[in-house]
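This is what each chain is made of:
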Amino acid sequence: MLNRRSLLLTGAALAAAGSARAAELERVRVSIIPINDVTPLFVAIKQGFFEAEGLLVDTSPSSGGATGIPGLVAGSYDIAYGNVVSTLLAAQSGIPLRVVAAGTKITEAKNDFSAIVARRESGIRSGKDLEGKVVAVNTRNNVIWLYARAWIKATGGNPDRVTYKEVPHPQMEDAIRQKQVDAGYMVVPFVTLATAKPDMEAIAHPYSSVQLGVDVGQYLATAAYLQSKPETVAKFTRALRRGVEWYNANLTNPELLPVIAGFTKLDVGLLKSLTLPPYPVAVDPPQIERTMQLMIEHRLLRGPVDVQPLIAPTAI
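First, a word on what this report is: a plain description of the structure on this page. No experiment lies behind these values; they were computed from the predicted model shown.

### Topic: the packing of aromatic side chains
Argument step 1. This model, assessed by the stated rule, comprises 8 aromatic pairs.
Argument step 2. Each ring, one from Trp145 and one from Tyr164, has its centre 6.0 Å from the other, and the planes form 65 degrees; the classification is edge-to-face. Residue Trp145 is located in helix H6 (residues 143–154), and its partner Tyr164 is located in strand E7 (residues 163–166); the two are separated by 19 residues in the primary sequence. For the pair formed by Trp145 and Tyr164, the shared burial category is buried.
Argument step 3. Ring centres of Tyr147 and Tyr207 lie 5.4 Å apart, and the angle between their planes is 65 degrees; on these two criteria the pair is classed as edge-to-face. Highlighted residues: Tyr147 in helix H6 and Tyr207 in helix H9 (residues 206–211), separated in sequence by 60 residues.
Argument step 4. You can call Tyr207 buried: its relative accessible area is 4%.
Argument step 5. Three or more aromatic residues joined by ring pairs form one cluster here, namely Phe50, Tyr81, Tyr219 and Phe236.

Here it is in structure tokens:
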């Protein structure tokens with residue numbers, strides 16, 4: 001039988017072995033947005049897929065791709081989860097980013113759980129109803145902002161007559177409830193938690209209604225990082241893809257809830273009502289080109305961007 005001293009020594013030995021193993025791994029700094037879209041990344045961490053590739057993934061949260069990309073370019077991160085709009089804006093500005101892995105894609109309307117949410121009493125049903133009102137978006141001039149505008153226009157409103165207020169995803173429900181904004185474009189898991197309450201409702205699903213199949217988000221690296229560390233990027237992408245495949249095969253597995261709770265800082269009990277969407281293993285260049293045309297229409301881009309050079313072979 002092991003005595004207390006033996007147990008302490010054994011614990012110290014295991015801790016030392018773990019530290020030694022961690023020291024052998026290559027560290028990859030990843031900027032993430034604390035929303036459901038990055039769950040496969042955290043699945044890959046938890047399941048040991050990155051460690052199996054010799055990588056130690058260190059994550060840092062940001063409010064959106066528009067804020068994560070500057071950190072990526074400055075060298076604070078090696079890889080960043082970002083949205084397609086921020087990527088194309090960076091390309092227009094001559095910032096050499098590369099899409100290295102798929103992130104989020106809306107393939108079916110039934111899997112589009114992101115939504116514009118409003119108070120049930122608001123009477124808001126269309127883009128026309130939002131004229132003169134305030135809509136919360138996580139960051140301006142990004143993918144949420146663009147598709148909110150596109151839906152407003154498609155349903156009879158003038159998107160230039162709507163005010164867009166930056167509100168982090170976790171605070172959007174409170175902003176709507178306290179009437180700081182009239183509506184908010186929310187994502188999983190926050191949209192699910194909000195619309196489960198009787199006084200809140202989803203009034204629109206802009207991604208699927210405007211552009212079914214849209215490639216919303218991707219994992220990005222600078223061209224310099226990809227060129228200097230192609231094997232590291234390949235290892236990262238392989239491990240992430242295993243995370244996506246595990247996640248897609250376990251959408252109703254209770255093991256996912258503590259993973260989501262860990263990076264969203266939400267109570268596991270609150271997440272039990274979630275219906276989780278599947279995520280892609282590869283990007284869809286034609287959909288990125290469709291988003292590019294929408295950006296031109298809404299004056300985010302001056303003209304077309306050549307999409308093909310932006311996509312690394314690891315992302316296809």
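### Brief notes about the packing of H6 against helix H13 (residues 285–297)
Argument step 1. Axis separation between H6 and H13 bottoms out at 11 Å; the angle between their running directions is 70 degrees. Of the possible angle classes, the one that applies to H6 and H13 is roughly perpendicular. Contact residues: Leu146, Tyr147, Ala150 and Lys153 in H6; Thr291, Leu294, Met295 and Glu297 in H13.
Argument step 2. Class assignment of the residues belonging to the contact of H6 with H13 gives a composition of 5 nonpolar, 1 polar and 2 charged.

### Here we look at the packing of helix H2 (residues 39–46) against helix H11 (residues 230–249)
Argument step 1. Axis separation between H2 and H11 bottoms out at 8 Å; the angle between their running directions is 105 degrees. Between H2 and H11, the interaxial angle falls into the category roughly perpendicular. Facing H2, whose interface residues are Thr39, Pro40, Leu41, Val43 and Ala44, H11 presents Phe236, Ala239, Leu240, Gly243, Val244, Trp246 and Tyr247.
Argument step 2. Here the residues of the contact of H2 with H11 sort into 10 nonpolar, 2 polar and no charged.

### Looking at the pairing of strand E8 (residues 183–186)
Consecutive residues of a regular strand have side chains that alternate between opposite faces of the sheet.
Argument step 1. The alternating pattern of E8 places Ala183 and Tyr185 on one face and Gly184 and Met186 on the opposite face, and all of these are buried.
Argument step 2. Relative to E8, strand E5 (residues 115–119) is paired through 4 bridges, and the arrangement is antiparallel. Looking at the pairing, Ala115 lines up with Met186 of E8.
Argument step 3. One ladder, built from 2 bridges, connects strand E6 (residues 134–137) with E8; its direction is parallel. Of the residues in E8, the one forming a bridge with Val135 is Ala183.

### Some points on the side chain of Thr264
Argument step 1. Looking at where Thr264 falls in the secondary structure, it is placed in helix H12 (residues 256–264).
Argument step 2. Accessibility expressed as a relative area gives 8% for Thr264, which makes it buried.
Argument step 3. Discounting chain neighbours no more than four positions away, the residues touching Thr264 are Pro34, Pro189 and Phe190.

Rules behind the numbers
- Residues numbered from 1 in each chain as written.
- Predicted model: local features only at pLDDT ≥ 70, side-chain atom pairs only at ≥ 80, totals over all residues.
- Heavy atoms only, no water.
- Phe/Tyr/Trp six-rings, centres within 6.5 Å; stacked < 30°, edge-to-face > 60°.
- Helix = DSSP H or I, 4+ residues; strand = E, 2+ residues; numbered from the N terminus.
- Buried < 20%, exposed > 50% of the residue type's maximum accessible area, 1.4 Å probe, protein only.
- Axes fitted to C-alpha atoms, helices over the stretch in contact; angles between N-to-C directions.
- Parallel < 35°, antiparallel > 145°, perpendicular 65-115°, else oblique.
- Contact = heavy atoms within 4.5 Å.
- Nonpolar A, V, L, I, M, F, W, Y, C, P; charged D, E, K, R; others polar.
- Pairing = 2+ DSSP bridges.

All quantities given are derived from atomic positions and should not be read as evidence of function.
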